[in-house]
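Spelled out from the first residue to the last, the chains are:
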Amino acid sequence: MFVFQGNNLLIRGGLPECDGLPEEVVRCSLDFPSVWQDLPSWCEVGEDYAPREGEEFIGLRQVWHRWGEETFVRAGGAWQFASWWRNVRICSFCGEGLLPSETDHGRRCPKCGRVFYTPISPAVIVAIEREFEGERKLLLAHNTAMPRGRFSVLAGFVEPGETLEEAVAREVREEVSIEVQDIRYFKSQPWPFPHSLMLGFTALWKAGELKPDGIEIGEAGWYAPNALPADIPDRASISRRLIDRFAAAPLRQKD
Ligand SMILES: [Zn+2]
């Protein structure tokens, strides 16, 4: 049982999944129809719940560092359901209160019959490599929303009507004004901040010189494996895995 208070997870006895229910539960997935019991169970406690002895609240990101990726994904998925239930309570068409579906993990409006699902926002993230100045180099950029001095690979949300490859090419063009080629899927990662699904890609530089848009991207450059910026994303993120992948070997083997 994952126990949430807003964006935080209750740790009891040093464990992220608690046995039994705490007092003062506001909402609990165990009260839902049986199809919901296929998912990791979760409940929410109110803002006035104060941790007892042996309990503490931690942020979701800490889960990755303390218990690894599998637990992070389980907890993050449970949190996405919990936060959706907390934030969306009524049918957006007719205003009736939503009820859990008996047949899947959606919620049904008892008045107009419409069904709603937990939102997931696909976002692409891409490592771009270029043979440059006699070395292979990776494009890293400082997004203005990041802490000062941090550099990472480029990312952006997929837009309606777009393939993932088109989203990669468009984001790169918009953010740093270059063209890429040979876009290939790497791997994905659920990223519950608040409900993204990160889809990782690698690509090769094709044309153009870096010109940061000055709005989202403040600075961008090409970095050799042995000269990466000091501040790059932590190991919980797929961005870091893309950077580590580049540092370990060329993103593409030459023909
Ligand atoms: Zn309705």
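Overview of the structure. (Residues numbered from 1 in each chain as written. Predicted model: local features only at pLDDT ≥ 70, side-chain atom pairs only at ≥ 80, totals over all residues. Heavy atoms only, no water.)

**Observations concerning the coordination of the zinc ion**
Around a metal, the ideal angle is 109.5 degrees if four donors adopt a tetrahedral arrangement and 90 or 180 degrees if six donors adopt an octahedral arrangement.
In step 1: For the zinc ion, the full set of protein donor atoms is Cys 91 (SG), Cys 94 (SG), Cys 109 (SG) and Cys 112 (SG), and the range of their distances to it is 2.3 to 2.4 Å.
In step 2: Geometry at the zinc ion is tetrahedral, judged from the four donor atoms that bind it and their angles of 97 to 125 degrees at the metal.
In step 3: Written as a sequence motif, the donor residues of the zinc ion are C-x2-C-x14-C-x2-C. Of this pair, Cys 91 sits in the loop between helix H2 (69-87) and strand E6 (99-100) while Cys 112 sits in the loop between strand E7 (107-108) and strand E8 (115-116), and the two are 21 residues apart along the sequence. (Donors = N, O, S within 2.8 Å, 3.2 Å for Na, K, Ca; no water. Tetrahedral: all angles 85-135°; square planar, octahedral: opposite > 155°, others 65-115°. Helix = DSSP H or I, 4+ residues; strand = E, 2+ residues; numbered from the N terminus.)

**Details of the packing of aromatic side chains**
Within a pair of aromatic rings, the relevant descriptors are the distance that separates the centres and the angle that separates the planes.
In step 1: Applying the stated criterion across every chain, the model contains 15 aromatic pairs.
In step 2: Taken together, a centroid distance of 6.1 Å and an interplanar angle of 80 degrees make the contact between Trp 84 and Trp 85 edge-to-face. Trp 85 carries the same exposure label as Trp 84, and that label is buried.
In step 3: Among the aromatic residues, ring-to-ring pairing joins Phe 32, Trp 36, Trp 42, Phe 81, Trp 84 and Trp 85 into one connected group.
In step 4: One cation-aromatic arrangement involves Arg 61 over Phe 193; the distance from NZ or CZ to the ring centre is 4.7 Å. (Phe/Tyr/Trp six-rings, centres within 6.5 Å; stacked < 30°, edge-to-face > 60°. Buried < 20%, exposed > 50% of the residue type's maximum accessible area, 1.4 Å probe, protein only. Lys NZ or Arg CZ within 6 Å of the ring centre and 35° of its normal.)

**Topic: the sheet that holds E6**
In step 1: Ordered in space as E6-E7-E8, the three strands form an open sheet in which the pairing is antiparallel. Where the open sheet ends on each side, the last strands, each with one partner, are E6 and E8.
In step 2: In this sheet, E8 lies alongside E7 in antiparallel orientation, the contact comprising two bridges. Within the sheet, the bridge partner assigned to Arg 107 lies in E8 and is Phe 116. (Pairing = 2+ DSSP bridges.)

**Notes on the nonpolar core**
In step 1: Ranked by size, the top nonpolar core spans 41 residues in total, and within it Phe 4 and Trp 42 carry the most contacts.
In step 2: Of all the secondary-structure elements, those providing two or more residues to this core are strand E1 (2-5), strand E2 (8-12), helix H1 (60-67), H2, strand E9 (121-132), strand E10 (135-143) and helix H4 (238-248).
In step 3: Both domain 1 (2-87) and domain 2 (121-248) contribute no fewer than three residues apiece to this core.
In step 4: For Phe 4, the contacting residues outside a window of four places in its chain are Leu 9, Trp 42, Cys 43, Glu 44, Val 45, Leu 60, Ala 75, Ala 78, Trp 79 and Ala 82.
In step 5: Counting 19 residues, the second largest nonpolar core, distinct from the first, contains Leu 139, Val 158, Val 172 and Val 176. (Core = buried A, V, L, I, M, F, W, Y, C linked by side-chain atoms within 4.5 Å. Domains from an automatic or database assignment. Contact = heavy atoms within 4.5 Å.)

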